[in-house]
Amino acid sequence: MDTSGSRTVLITGCRRGIGRDAAVTLARRGHRVIATTHTGAAAESLARTAAAESLPIEAFRLDVTDGDDRRRILDRDIDVLINNAAVGESGSLAEIDIDRVRRSFETNLFGPLELTQLVLRKMIERDAGTVVFISSLAGRITMPFMAPYTMTKFAISGGAETLRNELHRISDGVQITVVEPGAYHTGFNQEMVATKYEWMDGNSYFHGILEKIRAGEERYFRRMEKGSTASIVRQIVRAAEAERPRLRYAAPWWQALGVRLMRMAGR
Ligand SMILES: NC(=O)c1ccc[n+]([C@@H]2O[C@H](COP(=O)([O-])OP(=O)(O)OC[C@H]3O[C@@H](n4cnc5c(N)ncnc54)[C@H](OP(=O)(O)O)[C@@H]3O)[C@@H](O)[C@H]2O)c1
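The rules behind the values
- Residues numbered from 1 in each chain as written.
- Predicted model: local features only at pLDDT ≥ 70, side-chain atom pairs only at ≥ 80, totals over all residues.
- Heavy atoms only, no water.
- Near = heavy atom within 4 Å.
- Polar contact = N/O pair within 3.5 Å; in protein donor to acceptor, adjacent residues only side chain to side chain.
- 1 Å grid on protein atoms, 1.4 Å probe; cavity = no way out; pocket = protein on both sides within 12 Å on 5 of 7 lines; lining within 4 Å.
- Sits in = over half its atoms within 2 Å of the grid points.
- Nonpolar A, V, L, I, M, F, W, Y, C, P; charged D, E, K, R; others polar.
- Pairing = 2+ DSSP bridges.
- Helix = DSSP H or I, 4+ residues; strand = E, 2+ residues; numbered from the N terminus.
- Right-handed = clockwise from strand over helix to strand, strands pointing away.
- Points joined across faces, edges and corners; volume = space filled by probe spheres on them.
- Contact = heavy atoms within 4.5 Å.
- Salt bridge = Lys/Arg side-chain N within 4 Å of Asp/Glu carboxyl O.
- Buried < 20%, exposed > 50% of the residue type's maximum accessible area, 1.4 Å probe, protein only.
- Core = buried A, V, L, I, M, F, W, Y, C linked by side-chain atoms within 4.5 Å.

## What to know about the site of the ligand
Reasoning step 1: Residues in close proximity to the ligand total 27 residues, the closest being Ile-18, His-38, Asn-84, Tyr-149 and Thr-186.
Reasoning step 2: Thr-186 is positioned such that a nitrogen or oxygen atom in its side chain is 2.6 Å from an oxygen atom of the ligand.
Reasoning step 3: Measuring from an oxygen atom of the ligand, one finds a side-chain N or O atom of Asn-189 at 2.9 Å.
Reasoning step 4: In this structure the site holding the ligand corresponds to the largest pocket.
Reasoning step 5: A class-by-class count of the residues in the shell around the ligand yields twelve nonpolar, eleven polar and four charged.

## Notes on the pairing of strand 3 (residues 57-61)
Within a regular strand, side chains alternate between the sheet's two faces.
Reasoning step 1: Alignment of strand 2 (residues 32-37) against strand 3, held across five bridges, turns out to be parallel. Of the residues in strand 3, the one forming a bridge with Ile-34 is Glu-58.
Reasoning step 2: For the handedness criterion, the β-α-β arrangement of strand 2, helix 2 (residues 40-52) and strand 3 is classed as right-handed.

## Some remarks on the layout of surface pockets
Reasoning step 1: Approximately 1,100 Å³ is the volume found for the largest pocket.
Reasoning step 2: Residue lining of the largest pocket: 48 residues in total, with Asn-84, Ala-86, Tyr-149, Thr-186 and Phe-188 positioned closest to the centre.
Reasoning step 3: Taken together, the residues of the lining of the largest pocket break down into 24 nonpolar, 18 polar and six charged.

## Considerations on empty space enclosed by the protein
A water-sized probe rolled over the atoms picks out the places where empty space is left.
Reasoning step 1: Under the criterion given, the structure shown has one cavity of 30 Å³ or more.
Reasoning step 2: Around the largest cavity, the lining residues are Asn-83, Ala-85, Asn-108, Pro-112, Phe-133, Ile-134, Lys-153 and Ile-156.
Reasoning step 3: Sorting the residues of the lining of the largest cavity by element identifies helix 4 (98-126), strand 5 (129-134) and helix 5 (147-167) as the ones contributing at least two each.
Reasoning step 4: For the lining of the largest cavity, a count of residues per class yields five nonpolar, two polar and one charged.

## Focus: the side chain of Thr-177
Reasoning step 1: Secondary-structure assignment places Thr-177 in strand 6 (residues 174-181).
Reasoning step 2: Polar side-chain contacts of Thr-177 include one of 2.8 Å to the backbone oxygen of Arg-246.
Reasoning step 3: Polar side-chain contacts of Thr-177 include one of 3.5 Å to the backbone oxygen of Leu-247.
Reasoning step 4: When near neighbours in sequence (up to four residues on either side) are disregarded, Thr-177 contacts Thr-130, Val-131, Val-132, Phe-133, Ala-239, Pro-245, Arg-246, Leu-247 and Tyr-249.

## Considering the side chain of Ser-204
Reasoning step 1: Here Ser-204 lies in the loop between helix 6 (188-195) and helix 7 (210-224).
Reasoning step 2: At 2.9 Å, the side chain of Ser-204 forms a polar contact with the backbone nitrogen of Phe-206.

## Details of the pattern of salt bridges
Reasoning step 1: Inspection of the entire model under this criterion finds 19 salt bridges.
Reasoning step 2: A salt bridge links Asp-69 to Arg-61; the nearest nitrogen and oxygen atoms lie 2.9 Å apart.
Reasoning step 3: Judged by relative accessible area, which is 4%, Asp-69 ranks as buried.
Reasoning step 4: Put simply, Lys-122 and Asp-77 hold a salt bridge, and the shortest N to O gap is 3.4 Å. You can see Lys-122 sitting in helix 4 and its partner Asp-77 sitting in the loop between helix 3 (67-71) and strand 4 (80-83), a full 45 residues away along the chain.
Reasoning step 5: Under the relative-accessibility criterion, Lys-122 is labelled partly exposed at 26%.

## What to know about the nonpolar core
A general feature of soluble globular proteins is that nonpolar side chains tend to end up buried together.
Reasoning step 1: Ile-73, Leu-81, Leu-120, Val-131, Phe-133 and Ile-176 are the most contacted members of the largest nonpolar core, which has 33 residues in total.
Reasoning step 2: Counting only elements with at least two residues in this core, the list comes to helix 4, strand 5, helix 5, strand 6 and helix 7.
Reasoning step 3: Counting residues in hydrophobic clusters, the runner-up holds 32 residues, among them Ile-57, Ile-82, Ala-242 and Ala-251.

Okay, here's the thing in C-alpha cells:
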C-alpha cells in the first residue's frame, strides 16, 4: 500500500455512515477530500464538522442522479473517486412497482456510472487515478425481499469488474476496485427494509406472513450489524491508497468469508 502521497479524493453520499466516516478518516490521513452530499443542508453540517477539526474537507451538494450536479466536478483533478451514495429499496419482485426498482438503479448504478465517465476522462488522459465502487456483500448472494436493492449491487460488482478488465487494456495507471461492506448499523438497512411496508399491505401476495418477515429482518440485522464502521473504512482506505488495488475488498472478515463459502457451496 502506498500511503506516501496525498491524493484528492471525491466521495459521494457523505451525510452520515460509511461515506462520512471514510471522508473524515481519509482527511485525517492527509488527503484532500471532496465530500459530497445529497442535500445542501447535509453539506453545511459536514463542512462545520470539518472546520471544527481543521480537516481538509470541502463539502457540497452532489445529487448523483442530477446531470448539472455531476458536471460540477468537471474542473476538478480527482485522483480517487469513491462512489458511495445509494438508496435502499425492498419488496418482492412479484409485485413491486417497477418504477421503484428503476429509481434504485438511477441512484445506485446509472448516476454513479455517469459520474465515473466524467472523472475517467481526465484519469485516462493522465494515465492515473482510482475509481472505488462501494458495492455490498449483498451484491454476491441474494436475500429474500431485498432484490430491488441487491440487484443494483450485483450490477455494480459485475460492471466494475468488466470496466477494470477493459481499462487494463489501454492503461497501466487507471484502477477500478470494488469495496463490499457486510452489515453495518448506519440506519441504511432499517430504512431499506421499511420501504416495502409503505405498499406491501393487505393486497400483497405475502400479507399473511408480513409480520413474520418483519420480525425475521429485525432479528437478522440485530445479529449481523456491526456498530462501528471502522473495519470497512479501513478497506476503503486500502482501496483508495493502493498503487494497484485488488479487484475486491470486503469487511467484516467473517461475513466476507461466509459469503465466499456460500458461493463455493453453489449459492
Ligand atoms: N450499512 C450497511 O450495512 C451496508 C452494507 C453494504 C453496503 N452498504 C453500502 O455502503 C454505502 C453507504 O451506506 P451507509 O450504510 O453508510 O448508509 P447511508 O448513510 O444511508 O449512505 C447512503 C448515502 O447516500 C446518500 N444518497 C442517497 N441518494 C443520493 C443521491 N441521489 N445523490 C447523492 N447522495 C445520495 C444518502 O444521503 P441522504 O440520506 O441525505 O439521502 C446517504 O448519505 C452505500 O452504497 C450502501 O449501499 C452499506
